[in-house]
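Structural features, examined
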4 protein chains.
Amino acid sequence: MAEKTLISVEEISKHNNADDCWIVVDGKVWDITEFAPQHPGGGEIIWKHAGRDASTSYNSIHAPAVLPTNLDASKLKGSVDPGTITEEWAKPPPQKTPELKLHEKPGLETVINALDFERIAERTISKKTWAFYSSADTDCYTRDRNKEFFSRIWWRPRLLRDVHTVDTSSQILGHDVGLPLFVSPAAMARMVHPEGEKDIARGCIANRIPQGVSTNASFPIDEIIASVPKDAKHPFFFQLYVNKDRSKSEALLKHVRSLGVDTVFVTVDAPTPGKREADERVKADEGLSTPMSGAQAKNDKKGGGLGRVMGGYIAPDFTWDEFKWLRKHWDGKIVAKGVQCWQDAKMCADAGLDGVLLSNHGGRNLDCSPPAIMTLLECQLNCPTIFSQLEVFVDGGVRRGSDILKCMCLGATAVGMGRPFLYAVNYGQEGVEHFIEILKSELATAMALVGITDLSQCHPGLVSTLDVDHLVSRGEGHPYATGRRLGSVVSTVKARL
Amino acid sequence: MAEKTLISVEEISKHNNADDCWIVVDGKVWDITEFAPQHPGGGEIIWKHAGRDASTSYNSIHAPAVLPTNLDASKLKGSVDPGTITEEWAKPPPQKTPELKLHEKPGLETVINALDFERIAERTISKKTWAFYSSADTDCYTRDRNKEFFSRIWWRPRLLRDVHTVDTSSQILGHDVGLPLFVSPAAMARMVHPEGEKDIARGCIANRIPQGVSTNASFPIDEIIASVPKDAKHPFFFQLYVNKDRSKSEALLKHVRSLGVDTVFVTVDAPTPGKREADERVKADEGLSTPMSGAQAKNDKKGGGLGRVMGGYIAPDFTWDEFKWLRKHWDGKIVAKGVQCWQDAKMCADAGLDGVLLSNHGGRNLDCSPPAIMTLLECQLNCPTIFSQLEVFVDGGVRRGSDILKCMCLGATAVGMGRPFLYAVNYGQEGVEHFIEILKSELATAMALVGITDLSQCHPGLVSTLDVDHLVSRGEGHPYATGRRLGSVVSTVKARL
Amino acid sequence: MAEKTLISVEEISKHNNADDCWIVVDGKVWDITEFAPQHPGGGEIIWKHAGRDASTSYNSIHAPAVLPTNLDASKLKGSVDPGTITEEWAKPPPQKTPELKLHEKPGLETVINALDFERIAERTISKKTWAFYSSADTDCYTRDRNKEFFSRIWWRPRLLRDVHTVDTSSQILGHDVGLPLFVSPAAMARMVHPEGEKDIARGCIANRIPQGVSTNASFPIDEIIASVPKDAKHPFFFQLYVNKDRSKSEALLKHVRSLGVDTVFVTVDAPTPGKREADERVKADEGLSTPMSGAQAKNDKKGGGLGRVMGGYIAPDFTWDEFKWLRKHWDGKIVAKGVQCWQDAKMCADAGLDGVLLSNHGGRNLDCSPPAIMTLLECQLNCPTIFSQLEVFVDGGVRRGSDILKCMCLGATAVGMGRPFLYAVNYGQEGVEHFIEILKSELATAMALVGITDLSQCHPGLVSTLDVDHLVSRGEGHPYATGRRLGSVVSTVKARL
Amino acid sequence: MAEKTLISVEEISKHNNADDCWIVVDGKVWDITEFAPQHPGGGEIIWKHAGRDASTSYNSIHAPAVLPTNLDASKLKGSVDPGTITEEWAKPPPQKTPELKLHEKPGLETVINALDFERIAERTISKKTWAFYSSADTDCYTRDRNKEFFSRIWWRPRLLRDVHTVDTSSQILGHDVGLPLFVSPAAMARMVHPEGEKDIARGCIANRIPQGVSTNASFPIDEIIASVPKDAKHPFFFQLYVNKDRSKSEALLKHVRSLGVDTVFVTVDAPTPGKREADERVKADEGLSTPMSGAQAKNDKKGGGLGRVMGGYIAPDFTWDEFKWLRKHWDGKIVAKGVQCWQDAKMCADAGLDGVLLSNHGGRNLDCSPPAIMTLLECQLNCPTIFSQLEVFVDGGVRRGSDILKCMCLGATAVGMGRPFLYAVNYGQEGVEHFIEILKSELATAMALVGITDLSQCHPGLVSTLDVDHLVSRGEGHPYATGRRLGSVVSTVKARL
């Protein structure tokens, strides 16, 4: 029979394409040209082996009898002549793994997590934009710890719950949201994409993700709001840097309020800018400006730090007392952004604010300030009552849906993300949508796997914080609170609380 | 005498083979052609130095007098002419260290531990198979911690015991086993070897290692069982993913039971699949299918994740109550696979199960879930009575016989290994046998060195867990269990326990 | 219109310089030669794109309408002929990133922190100088921990304080200083710069930074003092290595006092030199000498260690009792330099000294001695009263203004830096000035961001030491203080305290 | 004058050697041929700059006036013609840094610590010898932790003691020693040097370092003892592996005792050999044998592990009871080698032994067994009285004189080192002497710097063990000592104690 016909690999090699496709399986040579297009697993996998030995691939999938059963006997052309096998011929088929070129973005469908977006941004956006977005204060300990500390919180999954339907929806400051996530305000999104904050807005609609718009946005907030349909349910929050000239802030607030925005996030952790050295080292494009603050980029003898130079208008003297002033000029909700210890969080609650964003500004302002997740634990331990007084938000280092869930289990109302949205809008609106879907899917998966179906079931018993508990500040006292200089100061400072 | 005859290295170099073999030792030139084949250390070591200076090798082994004593004086040809020595000639003989080519497996005799098998698999199996087997959820913290935590448990060896005879045998669910080890069920072993689960079965016979057969095995369990002689003592366990369509599970259980299988491991930690990103990134061969579940591989917009796509039939709504249903359709033993906190382990005991497998699914489902060895400690601390109610198994990260012994000392009945068996069956049945022998030998060595001779002597005083004790969850309470959202939830959840 | 004229990229490429500059924005070709010099962001950024597509840069900064608004319509030359676009042409413009050559120092304006100075020194100073300055005892654990431990102390920032005006000034031993910093005495600054200690002195004037002058300075202290104007307010401290021949120390002290120096730092941690292996391995230039000690470099069989060879005159038998001798020959202030446990710090206070410098000599003497910041904590815990008896200084590992602030919050009076000044004087006086300004600016920023405006407000509640608290020695007792040899020794040593 | 003569660098470059040597300093050209040989810093440093600009070197050492003062005016040849300076000429002189070739040992004078010896051995000894010496059990955690844990013990230096004279001498088992150090017995030193254990013996004489001779030594102990003068004071200890055939041990002990050896170290931690994988992977030279044990190397299917194959004679059933047998055949002192928990150490004391060597066999037997320094702490905490009953020794990971001192401060009588002596004897007797001098010098330095002058002053208050205290086992109880299997076992084992 054909089985006994010996065929040289030279001959077999000639039938190496979709129109004339022979493959070898377990020593037998088959003409599979007709069958390949109907292959349940697709023709591609067969054509890859055209003119070659496909045994390894075949056997990892099919039982031996599949080929003889599915093909007409006439398709068996013979057996490989063993004496003709060459090393070259016996190699596995070449892999097509196209190398990406610098600045070339891979297809969005290959991007499957926040880190992918970040790595792609690093390679494809301008050096200055990368420096401005990714940099943080001095040695970047806090920026890196923000991420690290999420990995140090463990799950305690509860099994055998019915998790057929998992619902990630929640509420933030009265707004229904598809997941407990908002865009932390970040400056100048247009540096990464021409549509900048506008495409972030468009990408947020589907899941009603609130978007925090920075005073330093690339576009006026009017334009950003105008970029989405009037009936889109996704809310905008306005982030305010209080201006040295308070009247300018008053005018801005009035204008923003007139646009229907109901919540302002007042940044409280940036009376002076941090030292973002990577940003300083790359020359700024002096044409760059931010319309709402009226700031202009420039290079000076300290370097090209956008954060530093363009934040020159920010008031360094805004204090707790001035919340009264703010209330006078803003009848919406107020959230303090950038709180970093339980004492200040409690002061926010006592001041009657609507929310507090525990945050270290992405590590951009003061290196060695604590990860916000640690401040959240600190609040739980020292002032648990604030959780019934205002909404507690967290940002910094969140990269996974499971990170969001950890915050929720520890009592947060919702979680903000800043840089990751900038890296996502590198792909425009579609990138932002894709990114939110990833997070939502990760969050739903984590919920199911810890055994809950909606976020009201979150509780701290689902996580273990044992690895970080010793780093949570407790109470007012300090073991080293003595000594010459210190005695009186502690009193002074306590008096100011 | 000959001793005074000066011979040039050019001349000596000519006698450089087994048939004409001169060597130099301490300046003297010997004709060692006749003696070499009778050399107690083998001729190879001598021929390696043929035509060269062998002094270094010789002196590291023999006393100076050995050569003159063993050789006839006529074999002394003379002394090296020092003036003729060249740098080239004085070099040590070339080492023959053959480089392995990609995809080429080294001889099984060179494989001496689990890590060897893993490294070889990484290099020789297909990219997709490697991605599917080795991947884990998202950032792979848990997968890596599974291994790491074994190294953080220290021995407290007890000396001067009579360890002449060490017995590694034990019992698992009523079966005698050669060592307290079973094959944790893992999917689609045929991707690594055509005989897949069948060769794992054959390799397990000698030591009667129970084999957990996955619902997602490459072969129907009938074929796997049929691949070993009827009288082989090694038991099969059946791993069940409960089907959304319970009637399919019922039929499958009935069929499996009819084959004589007496134990089912019900997976409880996978109501939804984890996000195995490495697996998603490599395109799946869509011809791939699993006979018992009837699942088929495919690529979709999320990627090519086999675990995700092929697990679509798994019920997300299987709960504690349904153990009654299971009992109705399975009159054998039942083990819950995938328990990750002491509360659930206790619920297994209370539900009257026969065993519980503390496991995080190799880190494949929920990243940052705890290493099973930590769950074991948690059970010892919080619900020690379960150890007299059911058998407690552990898997994840076990790579050494000493890891097995650590689990035993901390109260486990036996230990499962998953991926390592897949990497071993890369060498077929023989690989599996070799691998089990390695583990058994490592286990016996560790037993002897901590001072015990059979496994009933295991006790926790032989290990120190001091490096991880602070990470063991204690009791029900949680230091952060307060706050607005949390108060009521904790009650809710507690009510559900 | 011109808009419809298709222009090939070949043609566009010809207009590729400042004198004839075409750029492409969103497909339109503009002649921007005239406008470029008036561009608010500077012409450079435009010329970089001459003859190329500038859309990406343009759009990241400007709204679409800017070009048509600012340029005469005649400047629109046409549209790019898409068919002519080549891969080469579409590339971003080449970056000019001039590589530094070995030994070439970058411009001082690019140096923005202490680490920059260090890296530049490593690359540009002689191998021997680098070895001498950077080396430390044996395995360098302490040197590296000195830095690391600062990063393990976290901030607890307090927000919403008025930090409009931040004042970094302070006092050291009665001298007003611009910031609480002094130059820790270090040997032979001339190895890095011909003006050595003189330029350090000149660089310190502006901020009145006290300069500790080493007995092993490259210049006699007379010359160093003479190098600054008589009315400069910056004080000099004299560092004394007590000489085996006490009379030499007496003469030296007398001479130094006659120059108006009012404070002596007596080094107490170097009765014998540490083993600085990097220094030993590089041959010393035997012409090297130190004028005040009269020591001369040489190479011996142990190596070329400058610290070892040139310290041969230092007394190994200087004890607590001899402070009386010192008082007799020095009527100024006395500070003990190199104290490393609270017991010795307390003895300094009890001995009536004016200050104590907690220091491990930059890790240069005894590896595994504690970071000074840990000794500071130890003092706070065990002998808090000393802080009202004398001034407590800290050095070792300080690299940031925020490090200085951490020490202040934990009760230090001021902080010393040694190596960093040597790396700064690599740029002469200007380098030292620049360096101090950097630290001052970092300090002011950190003060504002933790919410204080002058250093009297420092208190330990602003930092968290939780990550290192377990490493702080407590009390006199020791958990292992028993056993044959130990019993009596403890008594002996206690008796000696 | 000559000063005004402009000389081209081309001309200057011609005078570029010791016989005709011009150098340039600060732009002036000097003929320094005559002076160079009389230069106090040596001629070398001058000749290095012959024909070049020596300003940098010169100014880092000398004041400007030195050259004009020391040289006759006629030696000033002129000034450099600036227009002729080339980049090439301006470079610093080429460094002569001869690269070492493989297998070539650097001069002993360049070897300054234990790590140097180790690195050199790795590069210069045979692959098999390196594998045999350096390998340890399985994953080598213990081997590496042995070193690491010394670095985790900190000093608490006490200052201002008179440390003019530091005495490192001590006593070990009645023998006066130059420092509290002995050679831990290690097998087959001849693999690294033809004189093996003989040269170790010779190298130990000067400091009277006791040498532990292994049963597996390359030479019979007679020959080793005979290799040193009869009146050498340095003692020999004999290490005994008890033979399965006790009569062979009896004969060996009798013979050893007849040679005057007064102490036997009985290895108790090796009833079965560990799995030294690096050793197994390299083929053994089957000619290798050990005269006292009569063992012969061979390769089998497990590999070429010398430790495993050649230890086949070692008794796995030697127990506590047999110390009576040992006492019968040995009237000298007895030390148990390899104790790893306080319970066994206490049993040694109760059994009336003269000493105990806390050791994990260099990590070679059971991976994850504790560093001996941790066992020492465990003994201090749980059975402090043993320190007055017997002498307590420590080995494993000791690499520095300061490591020795840490052990002494924590109560050890002396410290053993094994591998480091093998790496030192790579240089023969001289290497061993040099190595001991290094350790002695390091020890003396550390003593002076913590403030003691002889070893009787050691006490635990000089170290901080805070970083490892949580890893010290306390008491008998175990937090996880419950559960089905465990209950009875604990009783069983306790009964056996």
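Only a predicted model underlies this, so the values are computations on that prediction, with no experimental measurement involved.

Right, let's get into the overall build of chain A. When helices and strands are counted, chain A shows 20 helices and 20 strands. Taken over the C-alpha atoms alone, chain A extends approximately 100 × 55 × 50 Å along its principal axes. Residue burial in chain A is summarised as follows: out of 497 residues, 57% are buried. At a minimum sequence separation of 6, the contacts of chain A that also span at least 24 residues come to 74%.

We now examine the interface of chain B and chain A. Accessible area lost upon the coming together of the parts serves often as the stated size of an interface. Each partner contributes residues to the interface: chain B has 53 residues there, and chain A has 52 residues. Listed by contribution, the elements that provide at least two residues to the side of chain B that touches chain A are helix H12 (277–281), strand E16 (333–339) and helix H20 (484–496) of chain B. Tallying contributions element by element places H20 of chain B first for the side of chain B that touches chain A, with seven residues. Per-class residue counts for the side of chain B that touches chain A are 22 nonpolar, 17 polar and 14 charged.

Okay, the packing of helix H17 (residues 401–409) of chain C against helix H19 (residues 428–450) of chain C next. Residues and elements named next belong to chain C. Taken N-terminus to C-terminus, the directions of H17 and H19 make an angle of 55 degrees; their axes are 7 Å apart at the nearest point. Taken together, the axes of H17 and H19 are oblique relative to one another. When you trace H17 past H19, the crossing you get is right-handed. Contacts between H17 and H19 involve Gly-401, Ser-402, Ile-404 and Leu-405 from the first element and Leu-439, Lys-440, Ser-441, Glu-442, Leu-443, Thr-445, Ala-446 and Met-447 from the second.

Before going further, it helps to examine the arrangement of the chains. A gap remains between chain B and chain C, which never touch, and the nearest two C-alpha atoms on either side lie 14 Å apart. Considering only C-alpha positions, the minimal separation of the non-contacting chain A and chain D is 14 Å.

Opposite the 52 residues of chain D that make contact, chain C presents 53 residues. Of all the elements in the fold, those that place two or more residues in the side of chain D that touches chain C are helix H3 (55–59), strand E7 (154–155), helix H16 (372–382) and helix H19 (428–450) of chain D. The element that contributes the greatest number of residues to the side of chain D that touches chain C is H19 of chain D, accounting for five residues. Class assignment of the residues belonging to the side of chain D that touches chain C gives a composition of 23 nonpolar, 20 polar and nine charged.

With an axial shift of 0.1 Å and an RMSD of 0.1 Å, the rotation relating chain B to chain A amounts to 90 degrees. Accordingly, the operation relating the two chain copies is best matched by a four-fold axis. Of the C-alpha atoms belonging to chain B, the one lying closest to the rotation axis is found on His-470 of chain B, 7.2 Å away.

With domains assigned, chain A is organised as domain 1 (2–90) and domain 2 (110–471). One C-alpha centre belongs to domain 1 of chain A, the other to domain 2 of chain A, and the line joining them spans 57 Å.

This part takes up the pairing of strand E3 (residues 20–25) of chain C. All names here are of chain C. Burial within E3 is extensive, with five of its six residues counted as buried. Across two bridges, the pairing between strand E2 (residues 16–17) and E3 is antiparallel. The residue bridging Asn-16 from the neighbouring strand is Cys-21, located in E3. In sequence, E2 turns back onto E3 through a hairpin of two residues. As paired elements, E3 and strand E4 (residues 28–31) share four bridges and run antiparallel to each other.

The phi angle at His-361 of chain C is positive, at roughly 65 degrees, despite the residue not being glycine. Secondary-structure assignment places His-361 of chain C in the loop between strand E17 (355–358) and helix H16 (372–382). When the 27 C-beta atoms within 10 Å are taken as the criterion, His-361 of chain C is described as buried. Backbone geometry at Thr-138 of chain D places phi at a positive 35 degrees, although glycine is not the residue there. Relative to the elements of secondary structure, Thr-138 of chain D occurs in the loop between helix H7 (127–134) and helix H8 (141–151).

Moving residue by residue along a regular strand, the side chains alternate between the two faces of the sheet. Residue and element names in this part refer to chain D. Where strand E3 (residues 20–25) folds back onto strand E4 (residues 28–31) in an antiparallel hairpin, the turn is made up of two residues, including Asp-26, whose phi is positive at roughly 50 degrees. Both E3 and strand E5 (residues 52–53) contribute to a ladder of two bridges, which runs parallel. What sits directly across from Ile-23, in E5, is Arg-52.

Analysis parameters
- Residues numbered from 1 in each chain as written.
- Chains lettered and ligands numbered in written order.
- Predicted model: local features only at pLDDT ≥ 70, side-chain atom pairs only at ≥ 80, totals over all residues.
- Helix = DSSP H or I, 4+ residues; strand = E, 2+ residues; numbered from the N terminus.
- Buried ≥ 20, exposed ≤ 12 C-beta atoms within 10 Å, placed from the backbone.
- Contact = placed C-beta atoms within 7 Å.
- Nonpolar A, V, L, I, M, F, W, Y, C, P; charged D, E, K, R; others polar.
- Axes fitted to C-alpha atoms, helices over the stretch in contact; angles between N-to-C directions.
- Parallel < 35°, antiparallel > 145°, perpendicular 65-115°, else oblique.
- Left-handed = near helix turned anticlockwise from the far one by under 90°.
- Least-squares fit on C-alpha atoms with pLDDT ≥ 70 in both.
- Domains from an automatic or database assignment.
- Pairing = 2+ DSSP bridges.

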